[in-house]
Amino acid sequence: SGAGARAWCVAPDAISSTSFSFRPLWLAAPRLSQQRRASRTIVMSHVLWSAVTRDDVVLAEASDTGLDTPRLDAVKKLAKALLAKRPTPGWEFASATALRAVKFHVHEGGHVWSYACVADASLESMLAKGFLEKLALMTEPCREEAAWRTGATLSQQRAFGPTLQQRMDQANSQGRIA
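Please read these numbers as outputs of a predicted model, since none were measured by experiment.

**Q** Describe the overall build of the chain, with residues and values.
**A** Across its full length, the chain holds 4 helices and 9 strands. Going from the N terminus to the C terminus, the chain shows its helices and strands as β-β-β-β-β-β-α-β-β-β-α-α-α. Among the 178 residues that make up the chain, the fraction classed as buried is 47%. Relative to all contacts within the chain whose residues are 6 or more apart in sequence, the contacts with residues 24 or more apart total 59%.

**Q** Please give an account of helix H2 (residues 125-138) that cites residues and values.
**A** Compared with the 20 Å implied by 1.5 Å per residue over 14 residues, the 20 Å span of H2 between its first and last C-alpha is a close match. Each element contacted by the buried residues of H2 is listed here: strand E5 (47-54), strand E7 (90-96), strand E8 (99-108), strand E9 (111-120) and helix H4 (157-174).

**Q** I'd like to hear about the pairing of strand E6 (residues 57-63), residue by residue, with values.
**A** For E6, the tally of buried residues reaches 7 of 7 residues, placing the bulk of the element in the interior. Note that E5 and E6 share 6 bridges and pair antiparallel. Within E6, the position partnered with alanine 51 by the bridge is glutamate 61. Turn length for the E5-E6 hairpin, with the two strands adjacent in sequence and antiparallel, is 2 residues, and the turn residue aspartate 55 shows positive phi of about 55°.

**Q** Quick one: what's the story with the sheet that holds E7, residue by residue and with numbers?
**A** Taking strand neighbours across the sheet as the criterion, the 5 strands line up as E6-E5-E9-E8-E7 in an open arrangement whose pairing is antiparallel. In this open sheet, the two strands that pair with only one neighbour each are E6 and E7. On average, adjacent strands in this sheet sit at an angle of 15° to one another, irrespective of strand direction. In the packing of H2 onto the sheet, the strands contacted are E5, E7, E8 and E9, and the crossing angle to E8 comes to about 35°. Relative to the sheet, H4 contacts E5 and E6, its axis offset from that of E6 by approximately 40°.

**Q** Explain helix H1 (residues 69-84) to me, using residue names and the numbers behind them.
**A** Residues three or four positions apart in an α-helix share a direction because the helix packs 3.6 residues into each turn. With 16 residues, H1 extends 22 Å between its outermost C-alpha atoms, agreeing within 8% with the 22 Å of an ideal straight helix rising 1.5 Å per residue. By the burial criterion, the buried members of H1 are Leu72, Val75, Lys76, Leu78, Ala79, Leu82 and Leu83.

**Q** Help me get a handle on the nonpolar core, residues and values and all.
**A** With 26 residues, the main nonpolar core has Tyr115, Cys117, Phe131, Leu132, Leu135, Trp148 and Phe160 as its most contacted residues. Counting residues per element, the ones that place at least two in this core are E5, E6, E8, E9, H2 and H4. Among the elements that line this core, the one with the most residues is H2, at 6 residues. By size, the runner-up hydrophobic cluster in this structure holds 17 residues, among which are Trp49, Val58, Ala79 and Leu99.

**Q** Quick one: what's the story with the pairing of E9, residue by residue and with numbers?
**A** Summarising burial for E9: 10 of the 10 residues are buried, a large majority. With 7 bridges joining them, E5 and E9 adopt antiparallel strand pairing. Within E9, the residue paired with valine 52 across the bridge is tyrosine 115. Across 10 bridges, E8 lies against E9 in antiparallel orientation. Directly across from valine 102, in E9, lies its bridge partner cysteine 117. Between E8 and the antiparallel strand that follows it, E9, lie 2 residues; glycine 109 among them carries a positive phi value of about 55°.

**Q** Pulling in residues and values, what's your account of the packing of aromatic side chains?
**A** Applying the stated criterion across every chain, the model contains 3 aromatic pairs. Arranged with centres 4.5 Å apart and planes meeting at 35°, the rings of tryptophan 91 and phenylalanine 104 form a pair that is tilted. In this pair, tryptophan 91 is assigned in strand E7 and phenylalanine 104 in strand E8, connecting sequence segments 13 residues apart. The exposure class of phenylalanine 104 is buried, given its relative accessible area of 17%. On the numbers, 6.4 Å between centres and 40° between planes, the contact of tryptophan 113 with tryptophan 148 is tilted. Of this pair, tryptophan 113 sits in strand E9 while tryptophan 148 sits in helix H3 (residues 146-150), and the two are 35 residues apart along the sequence.

Conventions adopted
- Residues numbered from 1 in each chain as written.
- Predicted model: local features only at pLDDT ≥ 70, side-chain atom pairs only at ≥ 80, totals over all residues.
- Heavy atoms only, no water.
- Helix = DSSP H or I, 4+ residues; strand = E, 2+ residues; numbered from the N terminus.
- Buried < 20%, exposed > 50% of the residue type's maximum accessible area, 1.4 Å probe, protein only.
- Contact = heavy atoms within 4.5 Å.
- Expected span 1.5 Å × (residues − 1).
- Pairing = 2+ DSSP bridges.
- Axes fitted to C-alpha atoms, helices over the stretch in contact; angles between N-to-C directions.
- Core = buried A, V, L, I, M, F, W, Y, C linked by side-chain atoms within 4.5 Å.
- Phe/Tyr/Trp six-rings, centres within 6.5 Å; stacked < 30°, edge-to-face > 60°.

Given below as structure tokens:
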């Protein structure tokens, strides 16, 4: 991550760019998930984008700020495709070249809360699912708040975006559920 964090709204109707001015509590190198001893090639696996949505509204999101433009465009495209999938009980999946996307749904109180992420395809599915389940548990009290139940696109970016970014950075650096 860089000194600041940027987030991109990938709601189907618009893409916006938002910045917030916070610095993660710590900056650490991403986890080395796979090392091929014979060739000494190191493959880094991590979450590149994540979001919390209510129905079709992206409430907050976070992303890796170190992505080059072609990679960022691929992440945005896959995130849009994932969010466009109809919510079913449980999990939704999507993939693209070198990328994997996962979405977890919570049907509660007349709303569908979705927790989504796009990661390197080499990231273990269990780690991506654990990351999203942790977000669902963390936001359980928030889902009762009026601002979360009725807020517009990115309405919780200022309040929850830094936490989302921190959890994503933590999961990436530790290589386990943050």
